[in-house]
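Spelled out from the first residue to the last, the chains are:
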Amino acid sequence: MSVITFIIDDEHYSAKEGDTILQVTRDNKIHIPTLCYLDGLSTFGACRLCVVEIEGSPKLFPACTTKPTEGMIVRTKTDRLKRYRRMIVELLASEGNHQCAVCVVNGHCELQNLAYEVGLDHVRFPYLFPHKSLDATHKEFVMDRNRCVLCTRCVRVCHEVEGAHVWDIAGRGINCEIIADLNQPWGTSESCTSCGKCVRVCPTGALFEKGASIGEMQKERGFIKFIVNARNKSEWVHTAHEEE
Amino acid sequence: MKPRVATAWLGGCSGCHMSFLDLDERLIELAEKIDLVYSPIADVKEFPENVDVTLVEGAVANSENEEMAHIIRKNSRIVIAFGDCATTGNVTAMRNSFPLAEVQNRSYIDLADKNPRIPDEYVTIAQLLKTAKPLHEIIKVDVWLHGCPPTADQIWFAISELLQGKIPVLPPAYLRYG
Ligand code: SF4
Ligand code: SF4
Ligand code: SF4
Ligand code: FES
């Protein structure tokens, strides 16, 4: 297997062929914010929080889908990147309906943590306050589309790991929504096995267990990597938890 | 002369003001250092001129809030969005994703015990704006204090900085929504 040597923030690193920039930064404890990426699931590259600069190109590249090449010079913490990352969080906040004070994941939310990380003291874009639905028809879980950031983790985990493929994305652009089966109430879905994987990987308060009150819903996401590892490599070991 | 400080209560639950009162014994120290020239906890009718700092609780939800926000801005050197409702709209803005007529029907007709009637211009209460807005969408805001409500320590930090003539830059630990 060939090894690639390249530079991240002025330091030299080596990557195995096929590794993404994000894998190398995580292995080396360099922090890059992520949202749609989750260890164990396929990469989707949708949220753009993980963008990095690559010398020689004016474009920004998502670290989670970009593979390093020999001698590549990558920057992860420039002012331009910080500006864009903050803007992404501002757009996410203004496109949904987020009232942390009354949310089930208040204090344990990946979107909140991102807001703190980018120093989001206020949102400069006008809030859109879209009309979104809440589906409480499932006997155990609730889908509150007001809090959904369209990361598609639920779609991917249900398809790739559980094999049920309940969730899909419907609509376009700002009207995109996560739907169950043929756009029907979740509780009437015949494909859902009620495994709860989607609830556990959801970064926000969009998917939660019934009965959870404000701040009570805590998620655990490392199990996906455990399951996928066990399945692919027959290794039943807990690897070091990814950062969240 | 002592700094002239005001606090105002727009579309919020008064929780941020309760948190202000949670300054407890620090209130005594504060009372010696500032002149509280306007506040829901001070009996002053009109928002005064020439105010140094105003803490504004709540979203801008109705015509009165909006008028008040402009007066506050005109008469204050520093305006602080005080709490999550002032910063994001928060709970006050949860009605925004429904049409105003639907919201009013629900509150004044469906849930009325007596005399169901939607307040119109002949009733002397403020008219709801089409949507409740965070303060900075109406007037320029200088500092944001987060939290529902902001903690007394956070308020104290901000006020202490202001009393030293600094615009408070809140340390990351104080950036907490909810
Ligand atoms: S999902 Fe996160 S950001 Fe949204 S309201 Fe809940 S705690 Fe706040
Ligand atoms: S509970 Fe399991 S099967 Fe049902 S939608 Fe979620 S991941 Fe899919
Ligand atoms: S429901 Fe949760 S996991 Fe699914 S797309 Fe929305 S935020 Fe992501
Ligand atoms: S984490 Fe890379 S695009 Fe979302």
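Since we're looking at a predicted model, the values are computed, not measured. (Residues numbered from 1 in each chain as written. Chains lettered and ligands numbered in written order. Predicted model: local features only at pLDDT ≥ 70, side-chain atom pairs only at ≥ 80, totals over all residues. Heavy atoms only, no water.)

1. Description of the sheet that holds strand β1 (residues 3–8) of chain A
Residue and element names in this part refer to chain A. As a reminder, the rule being used: Here, any two strands with at least 2 DSSP bridges between them count as paired. For helices the rule is a DSSP run of H or I covering at least 4 residues; for strands it is a run of E covering at least 2, with both sets numbered from the N terminus onward. Orientation is described by axes fitted as lines to C-alpha atoms, over the contacting stretch for helices, and by angles from 0 to 180 degrees between their N-to-C directions. A contact between two residues is defined here by any heavy atoms of the two lying within 4.5 Å.
Taken in spatial order, the five strands of this open sheet run β2-β1-β5-β3-β4, and their pairing is mixed. Two strands bound the open sheet, and with one partner strand each, they are β2 (11–16) and β4 (60–62). Taken over all neighbouring pairs, the strand axes of this sheet differ in orientation by 40° on average, direction set aside. Pairing between strand β3 (residues 51–54) and β4: three bridges, direction antiparallel. Looking at β4, one finds that glutamate 53 is bridged to leucine 60. Contacts between helix α2 (residues 79–95) and the sheet are confined to β3, β4 and β5 (73–75), with β3 contributing the most and set at about 155° to the helix.

2. Some details on the site of ligand 2
This is how the line gets drawn: To be near a molecule or strand, a residue needs just one of its heavy atoms within 4 Å of it. For this classification, the nonpolar set comprises Ala, Val, Leu, Ile, Met, Phe, Trp, Tyr, Cys and Pro, the charged set comprises Asp, Glu, Lys and Arg, and every other residue, Gly included, is treated as polar.
Every one of the 13 residues lining ligand 2 counts as a neighbour, but Cys158, Cys192, Cys195, Gly196 and Cys198 of chain A are closest to it. Looking at the shell around ligand 2 residue by residue, the class counts come to nine nonpolar, three polar and one charged.

3. Observations regarding the domain arrangement of chain A
Accessible area lost upon the coming together of the parts serves often as the stated size of an interface. Residues and elements named next belong to chain A. What counts here: For the domains described, the bounds stem from an automatic or database domain assignment. The term buried area refers to how much accessible surface (probe radius 1.4 Å) is lost by two components on association, counted for both of them together.
Each domain of chain A was delimited in the assignment, giving domain 1 (3–77) and domain 2 (104–232). The C-alpha-based centres of domain 1 and domain 2 are spaced at 25 Å. Listed per partner, the contact involves 14 residues of domain 1 and 17 residues of domain 2. For the pairing of domain 1 and domain 2, the buried interface totals around 1300 Å² over both sides, and the portion due to carbon and sulfur atoms is 64%. Among the residues domain 1 hides against domain 2, the three largest losses belong to Leu35, Leu38 and Leu41. Together they make up 43% of the total.

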